[in-house]
Amino acid sequence: MKLHVRHTTDYRYTEPLRYALQTLWLTPQSGPAQTVYFWSLGAPEKLFSQLDAFGNPIHSYTFVGKEADNVRWSLVNAAGDVETLGVAEFTDAASLPHPDFFLRATHLAQPDPVLAEFGRRFVTPSATRGKADLSMLLALSQGVAGAVSYQKNSTSVTTTALEAFKAGAGVCQDQAHVMVAICRSLGIPARYVSGYFYAANEPDLASHAWVDVCVDVASRRWVSIDVTHSCLIDERHVRLAMGTDYNACPPAKGVRQGGGKETMTVDITIQPV
């Protein structure tokens, strides 16, 4: 499926903005699951590009206001055409971190005995070290979706996997974090993936998150699972970035001086081409 994505982030400030440094994880790459035909990224100042530790393209810009300036608004635009291929299983390049790196605890997806106990209902240890059974992982994703029901605005970007699990509610980000934390609790490498999801009747899911789980450590073989929909990723998914958790690959992260109170409005549209 060929999709046109448009992602706009509008920042408004109650006082003049004096300084801002922002990094963007808003550029998809071509890979086993997709081909990027065209992509553009616009920001208030010149963008500088590089790859982060996980191989994600990132772009940064710096804004420095002058005393006479009265800047109270800024805009970040991302748009392009991506053909999705529906490939859910793939092998990592040797340049990427070893799968065991993704066993490490992170603040938002920390292993926990409570999560491990829940995970053992669906996943039993493999007889072969470093391998995981796909059917069990899909059953686990269904279990997580049932235990952490999707409820819009029920959590924030600082909510941890354990907090969402105990609350029994969250959004796609939380369901992904719970899945990642459970896998890590069971000794299975897992990581967080940010992206887009096309569904004409689910506009709230346009900004989406899912997980990569390593099914074979020795061969660096991974599978992408959408916990919210309890399925492998398919042609509805556009992959943006991946990392240890949300904090490692948010759409945007930065610091600022001045500006007073900030209001951010995000608008994402996805249409078949």
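Residues numbered from 1 in each chain as written. Predicted model: local features only at pLDDT ≥ 70, side-chain atom pairs only at ≥ 80, totals over all residues. Heavy atoms only, no water.

Side note on helix α2 (residues 134-147)
End to end, α2 covers 20 Å across 14 residues, agreeing with the expected 20 Å (1.5 Å per residue, within 8%). The inward-facing, buried residues of α2 abut α1 (113-119), β8 (149-150), α4 (172-185), β11 (207-216) and β12 (221-226). (Helix = DSSP H or I, 4+ residues; strand = E, 2+ residues; numbered from the N terminus. Expected span 1.5 Å × (residues − 1). Contact = heavy atoms within 4.5 Å.)

Some thoughts on the pairing of strand β1 (residues 2-13)
Sheet faces and side chains relate simply in a regular strand, where the side chains alternate between the two faces. Looking at chain direction, β1 and strand β6 (residues 73-84) are connected through eleven bridges and run antiparallel. Of the residues in β6, the one forming a bridge with R6 is A79. Sheet analysis places β1 next to strand β16 (residues 262-272), joined by eleven bridges and oriented antiparallel. The residue bridging V5 from the neighbouring strand is I270, located in β16. (Pairing = 2+ DSSP bridges.)

Considerations on the packing of aromatic side chains
For the coordinates displayed, the defined rule picks out seven aromatic pairs. Measuring from centroid to centroid gives 5.6 Å for F102 and W222, while their planes differ by 90°, and the two rings are edge-to-face. Residue F102 is found in the loop between β7 (89-91) and α1, and its partner W222 is found in strand β12; the two are separated by 120 residues along the sequence. The burial state of F102 is the same as that of W222; both residues are buried. An aromatic cluster of three or more residues is present, and its members are F54, F101, F102 and W222. We note R191 situated over the ring of F102; from NZ or CZ to the ring centre the distance is 5.1 Å. (Phe/Tyr/Trp six-rings, centres within 6.5 Å; stacked < 30°, edge-to-face > 60°. Buried < 20%, exposed > 50% of the residue type's maximum accessible area, 1.4 Å probe, protein only. Lys NZ or Arg CZ within 6 Å of the ring centre and 35° of its normal.)

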